[in-house]
Amino acid sequence: VAASEGGERREADRGYSIDLEEAIARAVRSANIDLLRSLLDSLPVPAADPAERVGPDSREEAEADLASGLRGTAVRLFAEFPKESASLAARLSRARLMPPGASIVEVSLLLAELAGMREGAKKSHNTALADRIRAFISERYGDPDLGLAMVADKFRFSENYLSNLYKEQTGECVSEAIESTRIAAAKAALSGNGGPLDLIAAATGYRRVASFRRAFTRAVRVSPSDYRKSP
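Here we summarise the structure given alongside this text. It should be emphasised that the depicted structure is a prediction, and the values quoted were computed from it without experimental measurement.

Before going further, it helps to examine the nonpolar core. Judged by nonpolar contacts, the single largest core of 29 residues is most densely connected at Ile24, Leu36, Leu43, Leu70 and Leu111. What Leu43 contacts, discounting residues up to four positions off in sequence, is Tyr16, Leu20, Ile24, Leu66, Leu70, Ile104 and Ser108. Counting residues in each nonpolar core, the second largest holds 14 residues, with Ala130, Leu146, Val174 and Ala177 among its members.

The subject of this paragraph is the packing of helix 3 (residues 33-41) against helix 7 (residues 100-140). At a minimum axis separation of 10 Å, helix 3 and helix 7 run at an interaxial angle of 170 degrees. On the basis of their axis angle, the class for helix 3 and helix 7 is roughly antiparallel. On the side of helix 3, the interface is formed by Ile33, Leu36 and Leu40, while helix 7 contributes Ser108, Leu111, Ala112, Ala115, Gly116 and Glu119. Split into classes, the residues belonging to the contact of helix 3 with helix 7 amount to six nonpolar, two polar and one charged.

A word on the pattern of salt bridges. Inspection of every chain in the model, using the stated rule, returns eleven salt bridges. One salt bridge in this structure joins Arg207 and Asp145, with 2.5 Å as the shortest N-O distance. Separated by 62 residues along the polypeptide, Arg207 in the loop between helix 11 (197-203) and helix 12 (209-220) and Asp145 in the loop between helix 7 and helix 8 (148-155) bring together distant segments of the chain. For Asp145, a relative accessible area of 49% corresponds to the partly exposed category. The salt bridge involving Arg218 is made with Glu179; its shortest N-O contact spans 3.2 Å. One end of the pair, Arg218, is in helix 12; the other, Glu179, is in helix 10 (residues 174-191), and 39 residues separate them in sequence. Residue Glu179 is classed as partly exposed on the basis of its relative accessible area, which comes to 26%.

In this section: the layout of surface pockets. By volume, the largest pocket amounts to about 220 Å³. In this structure, the largest pocket is lined by Ser30, Ala31, Glu119, Lys122, Lys123, Asn126, Tyr161, Asn164, Leu165, Glu168 and Gln169. Where the lining of the largest pocket is concerned, the elements lending two or more residues are helix 7 and helix 9 (159-170).

Quick look at the side chain of Glu106 now. Note that Glu106 resides in helix 7. Classification of Glu106 by relative accessible area gives buried; the value is 15%. Dropping the residues within four chain positions of it, Glu106 is found in contact with Arg91, Ala95 and Met98.

What counts and how
Residues numbered from 1 in each chain as written. Predicted model: local features only at pLDDT ≥ 70, side-chain atom pairs only at ≥ 80, totals over all residues. Heavy atoms only, no water. Core = buried A, V, L, I, M, F, W, Y, C linked by side-chain atoms within 4.5 Å. Buried < 20%, exposed > 50% of the residue type's maximum accessible area, 1.4 Å probe, protein only. Contact = heavy atoms within 4.5 Å. Axes fitted to C-alpha atoms, helices over the stretch in contact; angles between N-to-C directions. Helix = DSSP H or I, 4+ residues; strand = E, 2+ residues; numbered from the N terminus. Parallel < 35°, antiparallel > 145°, perpendicular 65-115°, else oblique. Nonpolar A, V, L, I, M, F, W, Y, C, P; charged D, E, K, R; others polar. Salt bridge = Lys/Arg side-chain N within 4 Å of Asp/Glu carboxyl O. 1 Å grid on protein atoms, 1.4 Å probe; cavity = no way out; pocket = protein on both sides within 12 Å on 5 of 7 lines; lining within 4 Å. Points joined across faces, edges and corners; volume = space filled by probe spheres on them.

Structural data, given as structure tokens:
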């Protein structure tokens with residue numbers, strides 16, 4: 001498709017500005033479907049009303065320019081996301097043979113579908129990343145230095161981005177996930193007579209027994225000692 005459509009790239013077609021093209025491309029890349037629909041709805045499709053001051057020849061030429069520019073945008077995005085766009089490529093090739101008006105409609109639909117596929121891929125990636133973060137916390141909860149900074153460094157994201165992503169996927173903050181993992185491990189150790197409190201505190205990532213007691217009592221509503229005594 002890219003080779004056959006390559007000639008359709010342009011500096012700026014009539015009405016279809018570089019800014020509009022870049023906005024459409026950004027909306028697809030970020031899987032922002034609502035924004036994409038808004039942008040596609042705002043496409044400068046020439047009016048068909050004879051009362052408008054656009055002659056038939058000029059209108060057809062402008063419509064052809066818009067269709068050509070929009071197809072060029074699709075070619076560019078399909079090349080960026082070949083896995084997602086593979087099933088759409090044949091339709092894009094056929095759109096090149098359609099009348100300009102029909103081509104505009106078809107390519108708009110293809111871009112919306114690609115954005116939807118990007119949204120699915122993004123959600124799948126984020127779900128997998130949240131699972132990896134959860135696994136890392138389960139593996140490292142005994143390290144007293146474990147916190148948002150360590151997790152963000154491990155996965156090479158900013159703390160703010162990683163925190164927001166994890167909460168969006170799981171409903172809890174990274175710090176809450178760390179503490180709940182530590183408390184769950186402490187409960188298991190206390191139920192299994194896992195030794196004195198200072199050893200359990202150290203094994204579950206607390207530097208001081210007092211900190212462990214406070215965290216455990218806050219989470220479980222009973223002290224570690226009382227929890228151990230409970231049936």
